[in-house]
Amino acid sequence: MKGLIALVDCNNFYASCERVFRPWLHGLPLAVLSNNDGCVIARSQEVKDLGIAMGTPMHHLPREAFERGLVLCSSNYELYGDMSARVMATLREFTPHLEPYSIDESWLSFEGFDRAALPDHCQKLCGVVYKWTGIPVSVGAAPTRTLAKLANRHAKKHTATQGVFVIESANSPDTLALLERTPVSEVWGIGGRVTTRLYEMGIHTALDLARANPKWIRRRFSVVVERTARELAGTRCIDMNDAHDSKQMIMTSRSFGQMTADRHEVAEAVRAHAARGAEKLRRQRSLACALRVTVRTNRHMLHLPQDHDSITLALPRPTDNTFEIVRAAQRALQRLWKDRGIRYQKCGVQLMDLIEATGQQLDVFQPPQPTADREKSERLMSALDQLNGQYGRGTVTVGVQRQNAAWQLRSNHRSKRWSTRWDELPTVRLQ
DNA sequence: TCTGGGGTCCTAGGACCC
DNA sequence: TCTGGGGTCCTAGGACCC
């Protein structure tokens, strides 16, 4: 008999992070905004209770919310990233088998763990995480990941569970009843498109999907939906993948603070994204073989000329060197640029065909880079990363990066980076 | 005025080969 | 009027997730 797998999920993560260092925000409706203060990407319970949906544009927020004292925060990823690392470090105290899944979720394997003792163990885990980090978490445990997601959702929704819910078996009457109460649209992996089609076939609940013939599901949908169906019925199809630490593609893109038709301004943004991408590349010790630059107009402003275009270039050799990557990105933008006064809203740089930096394949047709050159490049890049790491991103940039350029982000409500910047440390006054 | 960013996986279909 | 079939590889795009 296999052990259970648990999903630990931070409650209203970004909103909870904001409250750790500003406890007076507890009880107030608090929403965190996307980049450029565009739309709501995280909500405290009070905001959910006001019926404000995820993704609501800031300018559509109802006046009633402000009357109730709504607090808006620009996203502060430096803070969230650091708080996430603290939560993960705490979780590692409870099991060596931990797989971070997103900034606020982790899978924990309890292989070989006494099932009867699991609920208490998880309850203890919640308590310690809250005490050490200030972040409330919920735990769902089950034989499969899809069921663990469901268990977690149940734990969050019902206060009687005190944040922990364990599904011991996929076939118990309690589990079947839970599946029957769960609309199929709320199952992990079932999105809007698939939901519509499932409804047409008379599949409305998680239980309907669990009982459907997997072969038939595969024929009508895909292997992905088939796996979801099997997981609901208790067969593990999605496994822990500890081998998968490094990304297969690195993407850096942003909407501009304001639209711009200025080629130099877009070039500046492309340089910044390329440099940032190269940094991420070095951090996971990969080299990129190709790169894609994308530009896009504002798709909500249909009265303006629209353009959405991208160009993919092969890099002359696999590289993680900022200068080489920036140069290639500039070249791509040059080829992409249309001199028609189109106002762009967003651009991005994608680094693709990543390979491991150590296992670099030598190209028969390319002379290998001389060792001295390579070492010089590596020293330069690590100096760059160190400076930007120590003194903050943007300390050393490639080419000019003007402050207040149109493409720079708007973030008018950002809280302090209390835990990662010396000059933003909180102060405590003793009464 | 104002509508996020970064990922993964899968499938269909075209190109090409024998 | 007829104009193979099967395999592989690659890419674009769909769908979903957080």
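Residues numbered from 1 in each chain as written. Chains lettered and ligands numbered in written order. Predicted model: local features only at pLDDT ≥ 70, side-chain atom pairs only at ≥ 80, totals over all residues. Heavy atoms only, no water.

With an unreviewed UniProt entry as reference, chain A is termed DNA polymerase IV 1, source organism Kushneria phyllosphaerae. The record in UniProt for chain A states the following under Sequence similarities (unreviewed entry): "Belongs to the DNA polymerase type-Y family." (UniProt positions renumbered as here; feature names shortened; annotations may be inferred.)

**Student:** Tell me about the UniProt feature "domain: UmuC" (unreviewed entry) in chain A, and please be specific about residues and values.
**Tutor:** UniProt feature "domain: UmuC" (unreviewed entry): in the numbering of this structure it lies at residues 5–191. Secondary structure across residues 5–191 divides into 38% helix and 20% strand, with the first and last C-alpha atoms of the span separated by 23 Å. (Helix = DSSP H or I, 4+ residues; strand = E, 2+ residues; numbered from the N terminus.)

**Student:** Break down the packing of aromatic side chains for me, citing the residues and quoting the values.
**Tutor:** Counting across every chain of the model gives 10 aromatic pairs. For the ring pair Phe21 and Trp418, a centre distance of 5.1 Å and an interplane angle of 15° mean the geometry is stacked. Of the two residues, Phe21 sits in the loop between helix H1 (13–20) and strand S2 (30–33) while Trp418 sits in the segment after helix H14 (371–391), which places them 397 residues apart along the sequence. Judged by its relative accessible area of 8%, Trp418 is buried. Taking 5.3 Å as the distance between ring centres and 45° as the angle between the ring planes, the aromatic pair formed by Trp337 and Tyr344 counts as tilted. On the basis of relative accessibility, which here comes to 13%, the residue Trp337 falls in the buried class. An aromatic cluster is defined as three or more aromatic residues linked by ring pairs; in this entry it consists of Phe13, Tyr14, Tyr77 and Tyr80. (Phe/Tyr/Trp six-rings, centres within 6.5 Å; stacked < 30°, edge-to-face > 60°. Buried < 20%, exposed > 50% of the residue type's maximum accessible area, 1.4 Å probe, protein only.)

**Student:** Could you give an account of the protein's contact with DNA strand B, naming the residues involved and the relevant values?
**Tutor:** Taken together, 24 residues sit near DNA strand B, with Arg227, Met251, Ser253, Ser255 and Met301 positioned nearest. Each atom of DNA strand B within 4 Å of the protein was classed as base or backbone; sugar and phosphate made up 82%. The side chain of Arg227 places a nitrogen or oxygen atom 2.6 Å from a phosphate oxygen of DNA strand B. Met251 has a polar backbone atom sitting 2.5 Å from a phosphate oxygen of DNA strand B. Of all the elements in the fold, those that place two or more residues in the surface near DNA strand B are helix H11 (223–232), strand S9 (250–260) and strand S12 (344–356). Among the elements that line the surface near DNA strand B, the one with the most residues is S9, at six residues. (Near = heavy atom within 4 Å. Polar contact = N/O pair within 3.5 Å; in protein donor to acceptor, adjacent residues only side chain to side chain.)

**Student:** Outline the domain arrangement of chain A, supporting the account with residue identities and numerical values.
**Tutor:** Partitioning chain A into structural domains gives domain 1 (5–166), domain 2 (173–232) and domain 3 (250–391). Between the C-alpha centres of domain 1 and domain 2 the distance comes to 26 Å. Taken together, the contacts link 12 residues of domain 1 with 10 residues of domain 2. With both sides pooled, the region where domain 1 packs onto domain 2 buries about 1000 Å², and carbon together with sulfur makes up 67% of that total. By the criterion of area lost to domain 2, the three top residues of domain 1 are Thr146, Leu150 and Arg153, representing 51% of everything that side buries. (Domains from an automatic or database assignment. Contact = heavy atoms within 4.5 Å. Buried area = accessible area lost by both parts, 1.4 Å probe.)

**Student:** Kindly report on the nonpolar core, identifying the contributing residues and their values.
**Tutor:** With 36 residues, the main nonpolar core has Phe13, Leu91, Leu108, Leu125, Ile135, Val137 and Val139 as its most contacted residues. In terms of residue count, helix H5 (residues 118–133) provides more of this core than any other element does, six residues in total. Apart from the residues lying within four places of it in its own chain, the contact partners of Ile135 are Cys10, Phe13, Ser16, Cys17, Val20, Met83, Val87, Val129 and Tyr130. In this structure, Val295, Ile325, Tyr344 and Trp407 belong to the second largest nonpolar core, which totals 35 residues. (Core = buried A, V, L, I, M, F, W, Y, C linked by side-chain atoms within 4.5 Å.)

**Student:** Tell me about the protein's contact with DNA strand C, and please be specific about residues and values.
**Tutor:** Around DNA strand C, the surrounding shell holds 14 residues, and the nearest of these are Ser102, Lys149, Gly189, Arg193 and Val194. The side chain of Asp104 places a nitrogen or oxygen atom 3.2 Å from a sugar or linking oxygen of DNA strand C. Elements supplying a minimum of two residues to the surface near DNA strand C: strand S5 (98–102) and helix H8 (192–200). With three residues, the single largest contributor to the surface near DNA strand C is H8. Class assignment for the residues of the surface near DNA strand C results in five nonpolar, four polar and five charged. (Nonpolar A, V, L, I, M, F, W, Y, C, P; charged D, E, K, R; others polar.)

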